[in-house]
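# An overview of the molecular structure
This is what each chain is made of:
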Amino acid sequence: MRIGFLGLGTMGAPLANNLRRAGHVVTVWNRTPARAEPLVKKGARPASSPRECAAGQDLVFTCLSDEKALDEVLEGPEGALAALAKGDILVDTSTAGVRAARSLEARCAARGAHFVTAPLLGSRAAAEKAQLVVVLGGPAAARERARSAISAISARCIELESASQAALMKLVVNAVGGAMITAFAEALALGASGGIELGKIVEVIQASSFHSPLYLMKGEQILSRDFEPRFAIVLAEKDQRLVQEAAADQGTAMPVNAAVRRLFADAAESGRGGKDTSAVADFLLERARAGK
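Here's a quick rundown of the structure. Per chain, residues are indexed from 1 in the order of the written sequence. The predicted nature of this model means local features are confined to residues of pLDDT at least 70 and side-chain atom pairs, given and counted, to a pLDDT of 80 or more, with totals for whole chains, interfaces and linings taken over all residues. Side-chain numbers here rest on the full set of heavy atoms in the structure, without hydrogens or water.

### Section: the pairing of strand β1 (residues 2-6)
To keep things clear, this is the line we draw: Accessible area is worked out with a 1.4 Å probe on protein chains only. A residue is then buried under 20% of its type maximum, exposed over 50%, and partly exposed in between. The way it works is that DSSP assigns letters per residue, a run of H or I at least four long becomes a helix, a run of E at least two long becomes a strand, and they are numbered from the N terminus. Strands pair, by our definition, only if DSSP identifies at least two bridges between them. Here is how to tell: hold the view so the strands point away, follow the path from the first strand over the helix to the second, and if it runs clockwise the crossover is right-handed.
Counting buried positions over the five residues of β1 gives four, a clear majority of the element. When β1 meets strand β2 (residues 25-29), the two strands line up parallel, connected through five bridges. Directly across from Leu6, in β2, lies its bridge partner Trp29. In the classification by handedness, the crossover that spans β1, the intervening helix α1 (residues 12-21) and the parallel β2 is right-handed. As paired elements, β1 and strand β4 (residues 59-62) share four bridges and run parallel to each other. The residue bridging Ile3 from the neighbouring strand is Leu59, located in β4.

### Topic: the packing of helix α12 (residues 255-272) against helix α13 (residues 279-289)
Our working definition: Angles shown run from 0 to 180 degrees and are taken between the N-to-C directions of axes, each axis being a line fitted to C-alpha atoms and, for helices, limited to the stretch in contact. An angle below 35 degrees is treated as roughly parallel, one above 145 as roughly antiparallel, one from 65 to 115 as roughly perpendicular, and anything else as oblique. Whether two residues are in contact is decided by their heavy atoms: any pair within 4.5 Å suffices. Only Asp, Glu, Lys and Arg are considered charged in this grouping, and only Ala, Val, Leu, Ile, Met, Phe, Trp, Tyr, Cys and Pro are considered nonpolar; every other residue, Gly among them, is considered polar.
Two numbers describe how α12 lies on α13: the axes approach to 10 Å, and their chain directions differ by 80°. It follows that α12 is roughly perpendicular to α13 by the angle criterion. Of α13, the residues touching α12 (which contributes Leu263, Phe264, Asp266, Ala267, Ser270 and Arg272) are Ala279, Val280, Asp282, Phe283, Leu284, Glu286 and Arg287. Of the residues in the contact of α12 with α13, the class split is seven nonpolar, one polar and five charged.

### Let's talk about the environment of Lys238
Here is the rule we go by: N or O atoms closer than or at 3.5 Å make up a polar contact, with two conditions inside protein: a donor-capable atom paired with an acceptor-capable one, and, for residues adjacent in sequence, both atoms drawn from side chains.
Mapped onto the fold, Lys238 is located in helix α11 (residues 233-250). Discounting residues that sit within four places of it in the chain, Lys238 has contacts with Ser65, Asp66 and Thr95. Within the local environment of Lys238, its side chain forms a polar contact with the backbone oxygen of Thr95, the two atoms lying 2.7 Å apart.

### Describing the packing of helix α8 (residues 163-193) against α11
Convention followed: By convention, the crossing between two helices is left-handed when the near helix turns anticlockwise from the far helix through less than a right angle, and right-handed when the turn is clockwise.
One can describe the packing of α8 onto α11 by two numbers: an axis separation of 9 Å at closest approach and a directional angle of 120°. When the interaxial angle is binned, α8 and α11 end up oblique. Judged by the twist between their axes, the crossing of α8 over α11 is left-handed. Mapping the contact onto sequence places Leu168, Leu171, Asn174, Ala175 and Gly178 in α8 and Asp239, Gln240, Leu242, Val243, Ala246 and Gln250 in α11. A breakdown of the residues in the contact of α8 with α11 according to their chemical character gives six nonpolar, four polar and one charged.

### Some points on the packing of aromatic side chains
So the rule is basically this: Here the aromatic set is Phe, Tyr and Trp, taking the six-membered ring for Trp, and pairing holds for ring centres within 6.5 Å; pairs whose planes are under 30 degrees apart are stacked, those over 60 apart are edge-to-face, and all others are tilted.
Counted under the stated rule, the structure contains two aromatic pairs. When the centroid spacing of 5.6 Å and the interplanar angle of 10° are considered together, the rings of Phe5 and Phe61 count as stacked. Residue Phe5 is found in strand β1, and its partner Phe61 is found in strand β4; the two are separated by 56 residues along the sequence. The burial state of Phe5 is the same as that of Phe61; both residues are buried. Between Phe184 and Tyr215, the ring centres sit 4.5 Å apart and the planes meet at 10°, which makes this aromatic pair stacked. Taken together, the residues Phe184 in helix α8 and Tyr215 in helix α10 (residues 213-224) connect sequence positions 31 residues apart. Here Phe184 matches Tyr215 in class, with each residue buried.

Pasting the structure below:
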């Protein structure tokens with residue numbers, strides 16, 4: 001297939017590379033052109049604008065940080081939407097929320113194109129190995145056309161009937177993940193403030209019925225103080241904001257999530273926004289030591 005790919009960040013670059021390795025003809029664009037160079041050297045085609053990247057493709061993928069970044073890439077005379085024709089398919093892998101999914105569905109429909117959401121579950125390491133779980137939502141015919149490309153980037157694809165449902169499902173998962181990470185960090189701070197060695201706390205949690213692969217991975221990062229961003233705190237806060245937005249639209253109360261979002265925001269304001277979510281523990285430990 002001919003595929004245009006917009007956004008070559010932490011997740012986008014390995015996704016585009018896996019599509020290329022699967023034999024698809026991939027055209028790439030990124031706001032910072034240097035990000036595209038490694039893929040171009042491997043055989044991807046460079047584009048000078050989002051519109052050029054999206055023109056004449058069987059599928060157009062986007063993988064961007066938030067709804068604002070999506071609009072900047074899609075709108076305007078050189079935006080990707082300007083290149084979409086009747087029957088074309090836009091596949092968004094970003095976590096941009098339910099409102100953005102509904103808006104993009106309408107904007108694509110106005111051009112006679114189809115919109116599919118394909119939010120990603122997994123880390124950059126999983127993306128590099130094509131081991132992601134993808135939640136695919138949109139019209140049945142569009143999902144069918146996108147399926148072979150999705151299989152090139154994932155180990156499992158779970159399908160839902162609408163783009164907005166898939167966007168909401170990603171928020172459901174991220175609400176759970178945010179609560180798990182912040183609860184783990186808070187528990188570490190509680191134990192450490194009482195003099196218990198961090199490594200022992202992680203060991204006991206992992207030996208209990210509450211053990212988790214997430215806690216094992218984050219525990220190792222916290223113990224080694226390795227806060228390189230696998231998933232940055234600022235992006236985690238954005239995701240919890242989108243959870244709150246969806247909850248408000250649906251009339252669903254989510255007080256735990258509201259507290260989780262506030263904690264991510266506080267950690268970001270402390271100067272840790274670009275660090276991995278495991279750095280929330282570092283933030284809470286620092287606060288505990290200060291008696292706050």
